[in-house]
Amino acid sequence: MRTRLLLLAAVAASLLLVASAAVGSPRTAKASGGDTLRVGFLADMSVPDPDIFYDIEGNSVILSVYEGLLKYAPGSTKIVPSLARSWTVSPDKKTYTFKLQPGVKFQDGSPMTAQAVKASLKRRLAVNQAPAYMLAPVKSMATPDKLTLVITLKTPIGPFLAYLASSWGPKIIGPGAIVKNAGKDFGQTWMQTHGDGTGPYTLSAFDRGRQYVLLRNPKYWGKKPFFKRVVISIVPDIGTQRLELQRGDLDAILHSFPASELASAAKDKNLKVVQQTSFLRALLYLNPNKAPFSSPKARAALAHAIDVPAIVKQAYGSSGSLPYGAYPPGILPGEPKLDYGTAAPKVTKAKGSIVLAYTADDSGVQRRVGEMLQGQIGALGYKVTLKEVQLPQVYDYIKNLKGAPDLLMMTNTPDAAHPDTWARICWYSTGGLNFLGFKDTEMDALLDRAQSAPDAQATQLYKQVGSRLIASHEMLFLADVKDTMVLRKDIAGVAPAHVRAYPWMLGFGALKRS
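Only a predicted model underlies this, so the values are computations on that prediction, with no experimental measurement involved. (Residues numbered from 1 in each chain as written. Predicted model: local features only at pLDDT ≥ 70, side-chain atom pairs only at ≥ 80, totals over all residues. Heavy atoms only, no water.)

Student: Help me out: how do you make sense of the overall build of the chain in this one?
Tutor: Counting secondary structure elements, the chain contains 15 helices and 19 strands. What you see for the chain is a C-alpha radius of gyration of 23 Å, in line with the 24 Å of a compact globule of 514 residues. Expressed as lengths along the three principal axes of its C-alpha atoms, the size of the chain is roughly 70 × 65 × 40 Å. Evaluated residue by residue, the chain yields a buried proportion of 57% over its 514 residues. (Helix = DSSP H or I, 4+ residues; strand = E, 2+ residues; numbered from the N terminus. Rg over C-alpha atoms; globule rule 2.2 N^0.38 Å. Buried < 20%, exposed > 50% of the residue type's maximum accessible area, 1.4 Å probe, protein only.)

Student: Would you mind showing me how to read the packing of aromatic side chains here?
Tutor: Each aromatic ring pair is described using two quantities: the centre-to-centre distance and the angle formed by the ring planes. Across all of its chains, the model carries 14 aromatic pairs by this definition. Pairing F226 with F227 gives two aromatic rings, centres 4.9 Å apart and planes at 85 degrees, and the pair type is edge-to-face. Look at F226 and you get partly exposed, because its relative accessible area is 36%. Chaining the aromatic ring pairs together yields one cluster made of F41, F206 and Y212. Across from the ring centre of Y428, 4.9 Å away, lies the NZ or CZ of R424, which sits over that ring. (Phe/Tyr/Trp six-rings, centres within 6.5 Å; stacked < 30°, edge-to-face > 60°. Lys NZ or Arg CZ within 6 Å of the ring centre and 35° of its normal.)

Student: Could you clarify how one ought to interpret the pattern of salt bridges in this entry?
Tutor: A side chain with one charge can pair with a side chain of the opposite charge if their charged atoms come near. Following the criterion strictly, the structure yields 17 salt bridges and no others. A salt bridge links D207 to R210, with the nearest nitrogen and oxygen atoms 3.5 Å apart. For K399, the salt bridge goes to D396, with nearest N and O atoms at 3.0 Å. You can call K399 exposed: its relative accessible area is 67%. One network of salt bridges, with partners in common, ties together D49, D51, R123 and R124. (Salt bridge = Lys/Arg side-chain N within 4 Å of Asp/Glu carboxyl O.)

Student: How do you make sense of the confidence of the model for the chain when you look at a structure like this?
Tutor: Detailed reading of the predicted coordinates is not advisable wherever pLDDT falls low. Here the chain averages 91 in pLDDT, and 92% of its residues register 70 or above. This stretch, residues 1-29, has a pLDDT under 50; its non-local contacts, to residues over four places away or in other chains, come to 71 contacts. (pLDDT = per-residue confidence, 0-100. Contact = heavy atoms within 4.5 Å.)

Student: Explain the packing of helix α9 (residues 308-316) against helix α10 (residues 365-378) to me, please; I cannot follow it from the model alone.
Tutor: Two quantities define a packed helix pair, namely the angle between the helix axes and the distance between the axes. Between α9 and α10, the least distance of the axes is 10 Å, while the angle of their chain directions is 145 degrees. Note that α9 runs across α10; the crossing there is right-handed. In this structure, α9 uses A310, I311, Q314, A315 and Y316 to contact α10, whose residues at the interface are V365, Q366, R368, V369, M372, L373 and Q376. Here the residues of the contact of α9 with α10 sort into eight nonpolar, three polar and one charged. (Axes fitted to C-alpha atoms, helices over the stretch in contact; angles between N-to-C directions. Left-handed = near helix turned anticlockwise from the far one by under 90°. Nonpolar A, V, L, I, M, F, W, Y, C, P; charged D, E, K, R; others polar.)

Student: What is the right way to look at the sheet that holds strand β5 (residues 95-100) in this model?
Tutor: As a general point, the strands of a sheet are linked pairwise by backbone hydrogen bonds and lie either parallel or antiparallel. With respect to topology, four strands assemble into an open sheet ordered β4-β5-β7-β6, the strand pairing being antiparallel. The open sheet has two edge strands, β4 (84-89) and β6 (138-145), and neither has a second partner. Sheet twist, expressed as the average angle between the axes of neighbouring strands with direction ignored, equals 20 degrees. As defined by bridge partners, β6 adjoins strand β7 (residues 148-153) across five bridges and the pair is classed as antiparallel. For V138, the partnering residue across the bridge sits in β7 and is L153. Strand contacts of helix α3 (residues 114-127): β5, β6 and β7, with the helix running at about 165 degrees to β6, the strand carrying the most contacts. (Pairing = 2+ DSSP bridges.)

Student: For this particular structure, what's the right way to read the pairing of strand β9 (residues 211-216)?
Tutor: Regular strands show a simple pattern: their side chains alternate between the two faces of the sheet. Where strand β8 (residues 201-207) meets β9, six bridges bridge the pair, whose relative direction is antiparallel. Within the sheet, the bridge partner assigned to D207 lies in β9 and is Q211. Count of turn residues in the β8/β9 antiparallel hairpin: three residues, of which G209 carries a positive phi of about 85 degrees. Of the pairings in the sheet, the one linking β9 to strand β10 (residues 229-234) comprises five bridges and is antiparallel in character. Within β10, the residue paired with L215 across the bridge is R229.

Student: How should helix α6 (residues 238-247) be read in this particular structure?
Tutor: Along α6, seven of the 10 residues are buried, which leaves the element largely enclosed by surrounding structure. Where α6 is concerned, the buried positions are I238, G239, T240, Q241, R242, E244 and L245. Measuring from the side-chain oxygen of the N-cap residue of α6 to the backbone nitrogen of G239 gives 3.2 Å; that N-cap residue is D237. With its phi angle positive at about 95 degrees, G248 sits one or two positions after the end of α6. (Polar contact = N/O pair within 3.5 Å; in protein donor to acceptor, adjacent residues only side chain to side chain.)

Student: Can you help me understand the environment of A458 in this one?
Tutor: With respect to the secondary-structure elements, A458 resides in helix α14 (residues 455-472). Here the alpha-carbon distance between A458 and L63, two residues 395 residues apart in the chain, equals 30 Å. Apart from the residues within four sequence positions on either side, A458 is in contact with A450 and A453.

Student: How do you make sense of the side chain of T198 when you look at a structure like this?
Tutor: When you line up the elements, T198 lands in the loop between α5 (175-178) and β8. The class of T198 is buried, set by a relative accessible area of 0%. Reaching out from T198, the side chain makes a polar contact with the side chain of E67 at a distance of 2.6 Å. Here T198 is in contact with V65, E67, L83, V104, K105, F106, N217, Y220 and W221, once residues within four sequence places are set aside.

Student: Which parts of the structure should I look at to understand the side chain of S60?
Tutor: Looking at the element boundaries, S60 is found in helix α2 (residues 59-65). Among the polar contacts made by the side chain of S60, one reaches the main-chain amide nitrogen of L506 at a distance of 3.1 Å. What S60 contacts, discounting residues up to four positions off in sequence, is L254, W504, M505, L506 and F508.

Structure, rendered in C-alpha cells:
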C-alpha cells in the first residue's frame, strides 16, 4: 500500500541534534550562490526505487533520476512525450504503440532500447509492490524493433495513459540495476542506495537519516541542467529548515512552511513564496462500521456541523481553498457540488465519546485542524478526544475496523490527473486509501464500468460516483491544499519545474540560479 503522506518519525535524539545545528553549527558550505542546490526534506523517503516508492516526500528525487514513457506538462494536466516521443492507440483501445526517443542512455552507459524498456516494465510486475497495479491490465508486450514498444491490454482501461504519466507510474530502469546487480530480488537491495535511470541527475549518495546527493548526469539526452549537484538534507523540524533557509544553508523548502509565516517570508528580501495549484486534499474519514457513524443521520449531522470555510481560512490561509466537489479541482469538470450551508437534519443531541485521529504531518496544520474539529463536533454533544497517529497505524485500521478511530483526518492526493485514480483508491471497497472500510457495491460497479467506458459515458459515471459519495457523508473534504514552496530569491525556473499532478516536487533539472 502506498505511503502517500509524510512520515514524521524523528526520535528525540535526532531532534536534539537538529536543534543544536540550528543554534550554532554551520554547514560545510553555504547554499547561496554556486552550482550546488540545497533542499530540505522533513523525513526520509521510503526507498529510491521507483517500483517500490509510493510516498510524497522524495518525488523530486525519483523524477530527477528516472523518467517514464510519458509525463504531464508543467502546470497542466496535459500528457506529453517523455522517453516515448510519440504513441498511437488502436480503435479498440487495447493496443498502445510507443515510438521511443533515439540516442538515450542509462546511467551505466547502456542504450535505452525497446527491449530494455520491456524488461523494466516486467520488473515492476515482478517486484509487485503497490505501484504495480498500474501495469496489472497488461496482457502482453512486444518489441518489433529497437525503438518500438507495443503494449496490449486485457481490456480497455481509460486511465492507462494517466498511469504512465503518473509520478508513481512506471519509470524506466536500466540493466545496470536489473541485470548486472539483480541479485536474487530483481535488484531491490542494490537500488536501496543506487540508481540507474535516464534522468538529468544520477543518485550519487543515499545516506538515510542525513542526506542524499544527486550529480548532473553527463549522459543525459536532454537539456543540460544548471546545477552540477543537488544536496538534500533530512531536517525533521520545519523551524530549523526555516532558519537554514534564511541564513542561506538551504535554497528551498518544498512544503509544510507554516501558513502563519508566509506573509513575513514574502517580505524577506532574500526569499520568495511560490504557490501552485495541486491535487492535495485535506480529508476527514468517518468510520461507518460502528456507532455513532454507522448511522447515516449521525454522519449527516456531523457533516453539517463542520465549518469548512473557517477551517480553510484559519488553518490554511493562502495555502488552501474551499473544496468544490468530491474530486480534486480540474480532474472532473462539471462534477457535483458539495452541499455547504444546507440545513442539517434534525437529530437528537449527540452523546458519547469519539476519537478523532490525525496524521502527524504538515508541521502542526493537522493538529490545528484537529483542534478546530474538536470544538465544532463537540458542539453536537460528543466528547472528542484527539489522537496523533503515524501512517503504519493508519494502514492497519482496515484489519480491525471496530477498533479503529471514529474519525480520521489526513491529507492525500490522487495518483494522476484522472478521476479513476482518485475514486478507485479512496472509495472502492478494496481501495488502498479506503482506510475506514467504506463499502458501496453500487459504487464499485459504477467505477468498474467507467474504467472501460467511452470517455463521455465514463465522465457521467464518475459524476454518479461523486454524488453517491457526497450523499453518504462517509468522507468529508476540508480543504484543497496548494503546493506552497519558499525559496531563495535567486532560484529561477520554478514554473517549468512544477507539475500539478506531482505534489511536493520541483524538477531539479529545470531550476537554475539567476
